[in-house]
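# Residue-level structural notes
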Amino acid sequence: MGAKKWKGKELYPHLFSPLRIGNIRMKNRIIAAPTSPSMITTEGHFTPEMIAYLEEKAKGGAGVVTYGEAIVHSATGKSHNKQLQLDSFGVKQGMAQAARAIHNAGAYANIQLSHGGKYGGLASVGGDQDRCDVAYGPSHEVTPVGEVQEMPKELILEVVESYKTAGKLCKDCGFDMVQVHAAHGWLFSQFLSPVFNQRTDEFGGSLENRARFLMMALDAVREGVGPEFPIEIRLSGDDLTESGLGLADCVEVAKMVDDKVDLINVSCGNHEDPDMFCRTHPSAFYPRGVNVYLAAEIKKHVKTPVACVGSLNDPAQMEEIIASGQADVVEIGRAILADPYLPEKALCGCADDITPCLRCYECFGETGKSETVKCSVNPTMGQQLPEKYGRAEAPVKKRVLIVGGGPAGMQAALTAAARGHQVTLAEKADCLGGNLYAASAPYFKKDIADFYEVMKKRVERAAVEVRLNTEVTPEFVEAFDPDALIVAIGSKELVPGIKGIDGANVVMAADAELHPEKLGKRVVIMGGGLVGTEAAVSFAHEGKTCVVIEMRDQVAADANSFYRGGLMPEVEKSAEIYTDTMVKEVQANGVLCERNGETFVIEADTVVCALGYRSDYGKVDALCEKADESYVIGDCSKVGLIYHAVNQGYYTAMQL
């Protein structure tokens, strides 16, 4: 057992080597990156749910757990609707409880000190309500969402003092580190910008002057926390926008802070720039580790340890980054939401059981919608509070038949088996996966392919009897006579009653993804939802000329805004898009369409049908009628996302 536990130290010796930062000694080089889902009270205090969320990250084995974007000056700096406000009366108790929970679970507690700058008073991503009275930035400007006032010098000095007070408060409440946020378009990033900062006083002009506010704040934090207490700073390696700093300028800023901090965390981009959001938080269209080169360059010019970010997910890649000297620490955000136990699994040599982040932005999307957090592949994310107390064993062990081996069926089988039930999983195809199999085919869907492999391996290792090539009928259920039946047969692609839909030139979307060789050079895709738009990106990558036809006034309309922000630039590069357009007929040479009362033909060698999926309720009902206890989950319950399938699979099995 002991040898297995520490196998990761042999596989990833640099990743699991200790590192001293100030007066703390990290047990490994993994920091749970700053995140701040809105599980905060309206007074700006931690909730028990937020504390449990942070605690699980520590239980998972990260050396340091960081809470993100705690506001130091709430009268001017709140950039989101609900944020931890370090100057709010009563904030200390929750902070102390959070620090203790992180400590008791085996990690150091870190907290990010932030100020939204002008976004404190402007409508912003996640900040459309309860804004500050005035938007203060480096200089006066008029924006589409409101006017920005130049921050007076007296207010600059007041904010500097608030950083000192906040640093001391965090230390007094038991936090072991603080991180000063100077990136992503917030306060200090705005002052550093040669475009946003047009001041003519000592805080504007040269880069040294534009950095003065930040230098003063760092000195104030040091005064507040004392000489040995670790201060981390989050800097951009490149703002990647015309309004911000380039890499060479960011190197100079890093050199300026080199003697003032104990760790330099290098990110990039601007949180408030829609085109940059999916680079700051890299989408599936970027390689993992896409931003690491920025940390590697800054590391060449400073003596302070450097941390990198960039949708890191694979311990082997993390090991290579540190071993090759590109960075000293890796900071992991979304991957630790998908699997909080990523560090522990890597340490135990179980990297093949790490649940991969799909980079689908469901976590961001849910925070905006419901002020909670969720994850497509982790059904307990956001549910850490009830989960931490465990669940009673199933009072009665049952013979459970699960019909359908897609994500819902696989998750239900794993959860039911873990609770001691006798589980049989029947799948009509010759492999597990269901719609995941086709969904993972595009070149940018490797994350889904990895998730599929992880789930398949878990089922193989679990106490689950798998029957492939098994079509379950009502007679099968009757003969099997299960104590409980879970129907997870998925959904079928919708074939509309369009004239010519049965033509030889028509291919269904899933078949087209799996067999792109069936496609001609020019492809028309009927349907501009997620399936159709992603298909266009995939087919264009295969060298096809693509056209997307959509009835609604925009494509990918149902995608969450964060994912859509990364998807749409790829779609626009990949396809000609016709919105508000109806397909009237599929012809031998293409499709006959109607838009604004006019009809026209769009020529195509191949027509791909991507008009969505439909549940087979008749078959579902026929199966359920043969069992006294039955449940319907996944797409055959209601066509939805991977999140719905995994979530329903887990919690339905918990009901057995």
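Quick caveat: nothing in here was measured; it's all calculated off a predicted structure. Positions within a chain are numbered from 1, following the residues in the order the chain's sequence is written. Residues qualify for local features only when their pLDDT is at least 70, as the model is predicted, and side-chain atom pairs are given and counted only at 80 or more; totals for whole chains, interfaces and linings, by contrast, use all residues. Note that water and hydrogens are dropped before the side-chain values are worked out from all heavy atoms of the structure.

Residues that lie three or four places apart on an α-helix share one face, since the helix turns once every 3.6 residues. Taking 1.5 Å per residue, 12 residues should reach 16 Å; helix α18 (residues 407-418) reaches 16 Å between its end C-alpha atoms and fits that length. Accessibility here uses a 1.4 Å probe with only protein chains present; expressed as a share of the type maximum, an area under 20% marks a residue as buried, one over 50% as exposed, and anything in between as partly exposed. Each helix corresponds to a stretch of at least 4 residues labelled H or I by DSSP, and each strand to a stretch of at least 2 residues labelled E; elements are numbered beginning at the N terminus. Within α18, 11 of the 12 residues are buried, which leaves the element mostly enclosed by the surrounding structure. Residues of α18 that are buried include every one of P407, A408, G409, M410, Q411, A412, A413, L414, T415, A416 and A417, and no others. In the stretch just after α18, G420 is the one whose phi turns positive, near 95 degrees. A helix is expected to reach a length of 1.5 Å times the quantity of its residues less one.

Strand order in the closed barrel formed by eight strands is β3-β4-β5-β9-β10-β11-β12-β13, and the pairing between neighbours is parallel. Within the sheet, the average angular offset between the axes of one strand and its neighbour, ignoring direction, is 30 degrees. DSSP bridges decide pairing: two strands pair if at least two such bridges lie between them. Two strands pair when backbone bridges link them, and strand β4 (residues 64-71) and strand β5 (residues 108-114) are joined in this way by six bridges, in the parallel orientation. Of the residues in β5, the one forming a bridge with A70 is L113. With axes taken as lines fitted to C-alpha atoms, and helix axes fitted only over the stretch in contact, angles between N-to-C directions fall between 0 and 180 degrees.

For the rest of this paragraph, the subject is the nonpolar core. Residues enter a nonpolar core if they are buried and are Ala, Val, Leu, Ile, Met, Phe, Trp, Tyr or Cys, with the set joined through side-chain atoms within 4.5 Å. Among the nonpolar cores identified, the biggest contains 132 residues, and L86, M95 and L214 are the most heavily contacted of them. Residue contacts are counted whenever heavy atoms from the two residues lie within 4.5 Å of one another. Residues in contact with L86, not counting those within four places in the same chain, are A70, I71, V72, V91, M95, I111, L113, A166, L169 and C170. In this structure, A512, V523, V555 and A556 belong to the second largest nonpolar core, which totals 28 residues.

Relative to the elements of secondary structure, A439 occurs in helix α19 (residues 435-439). For A439, a relative accessible area of 30% translates into the label partly exposed. A439 sits 120 residues away from A559 along the chain, and the two C-alpha atoms are 15 Å apart. Discounting chain neighbours no more than four positions away, the residues touching A439 are K445 and I448.

Another aspect to go through is the layout of surface pockets. In the cavity and pocket records, a cavity denotes points on a 1 Å grid over the protein atoms alone where a 1.4 Å probe fits but cannot get out, a pocket denotes an open set with protein on both sides within 12 Å along at least 5 of 7 lines, and lining residues are residues with an atom within 4 Å of a point. Grid points are joined across faces, edges and corners, and a volume is the space filled by probe spheres set on the points. In this structure, the second largest pocket encloses a volume near 980 Å³. Surrounding the second largest pocket, 49 residues form its lining, T35, S36, H271, H281 and F364 being those nearest its centre. Going through the elements one at a time, β3 (30-35), β4, β13 (329-332), α14 (334-338), α16 (362-370) and α24 (561-574) are the ones with two or more residues in the lining of the second largest pocket. At six residues, the largest contribution of residues to the lining of the second largest pocket is made by α16. Only Asp, Glu, Lys and Arg are considered charged in this grouping, and only Ala, Val, Leu, Ile, Met, Phe, Trp, Tyr, Cys and Pro are considered nonpolar; every other residue, Gly among them, is considered polar. Of the residues belonging to the lining of the second largest pocket, the class tally is 16 nonpolar, 23 polar and 10 charged.

If you walk through the whole model with that rule in mind, you get three cavities of 30 Å³ or more. Volume-wise, the largest cavity comes out at about 90 Å³. C357, L358, C360, C363 and C375 are, among the 14 residues lining the largest cavity, the residues nearest its centre. For the lining of the largest cavity, the secondary structure elements donating two or more residues are α14 and α16.

Moving on, we get to the sheet that holds strand β21 (residues 545-549). Here we have five strands laid out as an open sheet, ordered β19-β26-β20-β21-β22, and parallel in their pairing. In this open sheet, the two edge strands, each paired with only one partner strand, are β19 (506-508) and β22 (575-578). Across the sheet, the mean angle from the axis of one strand to that of its neighbour is 25 degrees, orientation sign disregarded. Sitting on the sheet, α24 touches β21 and β22, and the angle it makes with β22 is about 100 degrees.

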